[in-house]
Amino acid sequence: MVAGRSPQNSTATSQLRAVTATSLPVHAGWTFAPIVLLALVAYVAIYVARWRRSRAEGGARAAPVGRLVLWCTGVLLLFVALISPIDELGEQLASIHMVQHLLIADLAPICLTLGLTKWILRPATRRIHRIERAAGPFGHPAFGVVAYVGAMWLWHVPALYDAALQHSMVHVLEHLTFGAAGLLYWWHLLSPIRSRMRLGGLGPVAYMASTKLLVGFLGVLLAFSPTLLFTFYDSTGTRWGLSPLTDQHVAGLIMALEQSIVMGIAIAYLFVRMLAESEEEAQRAERYAA
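Criteria and thresholds
Here the residue numbering is sequential within each chain, running from 1 through the sequence in written order. Owing to the predicted nature of the model, reporting of local features is limited to residues with pLDDT of at least 70; listing and counting of side-chain atom pairs is limited to 80 or more, with chain, interface and lining totals taken over all residues. Remark: hydrogens and water are excluded; side-chain values derive from all non-hydrogen atoms of the structure. Working definition: helices are DSSP H or I runs of at least four residues, strands are E runs of at least two. Numbering for both runs from the N terminus. Whether a residue is buried, partly exposed or exposed follows from its accessible area with a 1.4 Å probe, protein chains only, as a fraction of its type maximum: under 20%, in between, or over 50%, in that order. Whether two residues touch is decided by their heavy atoms; if any such pair falls within 4.5 Å, the residues are in contact. Using a 1.4 Å probe, the Shrake-Rupley method yields the accessible areas, and only the shown protein chains count as cover for residues. By the criterion applied in these results, polar contacts are pairs of N or O atoms within 3.5 Å in which, for protein atoms, one can donate a hydrogen and the other can accept it, and in which residues neighboring in sequence qualify only through two side-chain atoms. Expected span of a helix: the number of residues minus one, times 1.5 Å. One axis fitted to the seven residues ending at a residue, another fitted to the seven starting there: the angle between these axes is the bend at that residue. Only rings of Phe, Tyr and Trp enter the pairing, Trp through its six-membered ring, and a pair is recorded when the two centres are within 6.5 Å. The plane angle decides the type: under 30 degrees is stacked, over 60 is edge-to-face, the rest tilted. Cation placement over rings: the criterion is NZ of Lys or CZ of Arg within 6 Å of the ring centroid and within 35° of the ring normal. Note on terminology: a nonpolar core comprises buried Ala, Val, Leu, Ile, Met, Phe, Trp, Tyr and Cys residues joined through side-chain atoms within 4.5 Å. Throughout this description, the term salt bridge denotes a Lys or Arg side-chain nitrogen within 4 Å of a carboxyl oxygen of Asp or Glu. Think of a patch as exposed residues, more than 30% relative accessible area, with no salt bridge, where like charges cluster within 9 Å and nonpolar side chains (Val, Leu, Ile, Met, Phe, Trp, Tyr) cluster within 5 Å. Just so you know, the count uses Lys and Arg for positive and Asp and Glu for negative, and it drops His and the chain ends. To locate a charge, take atom NZ for lysine, CZ for arginine, CG for aspartate or CD for glutamate. A cavity here means a set of 1 Å grid points, computed over protein atoms only, where a 1.4 Å probe fits but cannot escape. A pocket is an open set with protein on both sides within 12 Å along at least 5 of 7 lines, and lining residues have an atom within 4 Å of a point. Grid points are joined across faces, edges and corners, and a volume is the space filled by probe spheres set on the points. All amino acids are sorted into three groups, where Ala, Val, Leu, Ile, Met, Phe, Trp, Tyr, Cys and Pro are nonpolar, Asp, Glu, Lys and Arg are charged, and the leftover types, Gly among them, are polar. Angles run from 0 to 180 degrees between N-to-C directions of axes, and those axes are lines fitted to C-alpha atoms, restricted for helices to the stretch in contact. Every angle not falling under 35 degrees, over 145, or within 65 to 115 is termed oblique; those three ranges are roughly parallel, roughly antiparallel and roughly perpendicular.

## Here we look at the overall build of the protein
Along the backbone of the protein there are eleven helices and zero strands. By residue count, 40% of the 290 residues in the protein fall in the buried class. Sequence-distant contacts, at least 24 apart, represent 79% of the contacts inside the protein between residues at least 6 apart. For the protein, the computed accessible surface area is about 16100 Å², with 70% contributed by carbon and sulfur atoms.

## Describing the environment of Tyr47
Structurally, the position occupied by Tyr47 is in helix α2 (residues 34–58). Taking the C-alpha atoms as reference points, Tyr47 and Leu68, separated by 21 residues in sequence, lie 8.2 Å from one another. When residues no more than four places from it in sequence are discounted, the contact partners of Tyr47 are Arg67, Leu68, Trp71, Gly115, Leu116 and Ile120. Within polar-contact distance, the side chain of Tyr47 engages the backbone oxygen of Arg67 at 3.3 Å.

## What about helix α5 (residues 94–114)?
When the terminal C-alpha atoms of α5 are compared, their 29 Å separation across 21 residues agrees well with the 30 Å that a helix rising 1.5 Å per residue should span. A bend of about 45° at Leu103 is the largest found in α5. Most of α5 sits inside the fold, with 19 of its 21 residues counted as buried.

## Observations regarding the packing of aromatic side chains
A complete count under the given rule lists ten aromatic pairs for this structure. Ring geometry for Tyr161 versus Phe230: centroids 3.8 Å apart, planes at 15°, classification stacked. With Tyr161 in helix α8 (residues 158–166) and Phe230 in the loop between α10 (203–224) and α11 (244–289), this residue pair connects regions lying 69 residues apart in the sequence. Phe230 matches Tyr161 in its accessibility class, with the two residues each being buried. Among the aromatic residues, those joined into a cluster by ring pairs are Tyr148, Tyr185, Trp186 and Tyr207. Just above the ring of Trp119 sits the side chain of Arg122; from NZ or CZ to the centre is 3.9 Å.

## Side note on the nonpolar core
For soluble globular proteins, the rule of thumb is that nonpolar side chains tend to be buried together. By size, the foremost hydrophobic cluster in this structure holds 63 residues, and its most contacted members are Met152, Tyr185, Trp186 and Leu189. Here the element with the most residues in this core is α5; it accounts for twelve residues.

## Section: the pattern of salt bridges
On inspection of all chains with the given rule, the structure shows two salt bridges. We note a salt bridge from Glu57 to Arg53, for which the minimum N-O separation is 3.2 Å. Of this pair, Glu57 and Arg53 are both found in helix α2, four residues apart, which corresponds to roughly one turn of the helix. Under the relative-accessibility criterion, Glu57 is labelled partly exposed at 45%.

## Regarding helix α3 (residues 65–82)
Its 18 residues place the ends of α3 26 Å apart at the C-alpha level, agreeing with the 26 Å of an ideal helix rising 1.5 Å per residue. Within α3, the full set of buried residues consists of Leu68, Trp71, Gly74, Val75, Leu77, Leu78, Ala81 and Leu82. At its buried positions, α3 is contacted by α2, α4 (85–89), α5 and α9 (168–190).

## What to know about a positive patch on the surface
On the surface, a cluster of positive charge is contributed by Arg126, Arg127, Arg130 and Arg133. Relative to the helices and strands, Arg126 resides in helix α6 (residues 125–135).

## Topic: empty space enclosed by the protein
Going through the model one piece at a time under the given rule, you end up with two cavities of 30 Å³ or more. One number sums up the size of the second largest cavity: a volume of about 60 Å³. Gln92, Leu93, Tyr233, Ser235, Gly237, Thr238, Arg239, Leu242, Ser243, Pro244 and Asp247 together form the lining of the second largest cavity. Tallied by class, residues from the lining of the second largest cavity come to four nonpolar, five polar and two charged.

## Side note on the packing of helix α7 (residues 141–154) against α10
Their axes nearest at 10 Å, the elements α7 and α10 cross at an angle of 10°. In this view, α7 runs roughly parallel relative to α10, as classed from their interaxial angle. Side by side, α7 and α10 meet where Pro141, Gly144, Val145, Tyr148, Val149, Met152 and Trp153 of the first sit next to Tyr207, Ser210, Thr211, Lys212, Leu214, Val215, Phe217, Leu218 and Leu221 of the second. Each residue belonging to the contact of α7 with α10 can be placed in one class, and the counts come to twelve nonpolar, three polar and one charged.

These figures capture arrangement, not role.
Here you go:
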């Protein structure tokens with residue numbers, strides 16, 4: 001006589017089969033985008049040419065190797081976001097799509113902006129100042145906050161989010177919006193050029209805290225939403241063991257965590273920079289007095 005399986009084992013087996021049966025394949029391929037590749041190559045070529053000339057004219061202080069590394073890292077992050085499998089995976093998993101957004105809007109702009117120095121920007125400094133004056137209120141740091149927060153919230157409206165995944169041109173517009181908003185936002189904080197509207201004192205802390213809290217709150221909403229907001233990802237199966245709703249929750253947690261980490265690191269960097277600038281001003285005052 002053969003003993004039958006217990007009810008618990010039968011239930012576990014049925015559940016395992018159900019999970020296996022509804023597991024969806026995940027495709028991870030590279031995205032061939034000739035225009036994007038040419039643009040990234042041009043970013044590196046133009047920067048390297050200017051970096052070498054600045055170093056020849058002003059020495060290592062004018063164009064440190066570290067700045068070159070930062071610029072190339074920024075371009076590499078754009079490559080990872082737009083060309084690597086992250087781009088295709090983002091169309092299948094909301095969590096990976098969130099990583100792509102944060103690379104374009106935060107990490108790449110930070111590295112690109114930090115890769116610049118006053119000497120490297122010298123040929124364009126006057127033009128930049130003219131643009132800031134002509135921009136009026138749009139050149140104010142407050143607009144940088146509005147642009148960054150607005151872009152993040154706008155493109156996570158379910159209808160627009162789904163449209164970006166369904167239509168390639170809308171997706172391109174989304175990426176351009178994130179990139180432009182990110183560059184503008186971080187320019188006001190990290191630019192090597194002293195702007196007439198540059199934030200002073202505790203201004204950078206308030207600027208960053210307000211922004212990151214508002215965007216972090218969006219991440220919290222996504223992380224704890226009881227319903228699936230983005231119908232593009234709606235399916236009866238799982239990818240990498242994640243249901244569509246769980247995947248959305250992970251995406252929200254990634255956003256909230258990234259905003260907190262970046263804010264902490266940036267505030268520490270700005271504090272150190274503020275002390276260094278204060279020391280330089282004190283030394284300059286002593287030289288003038290002498």
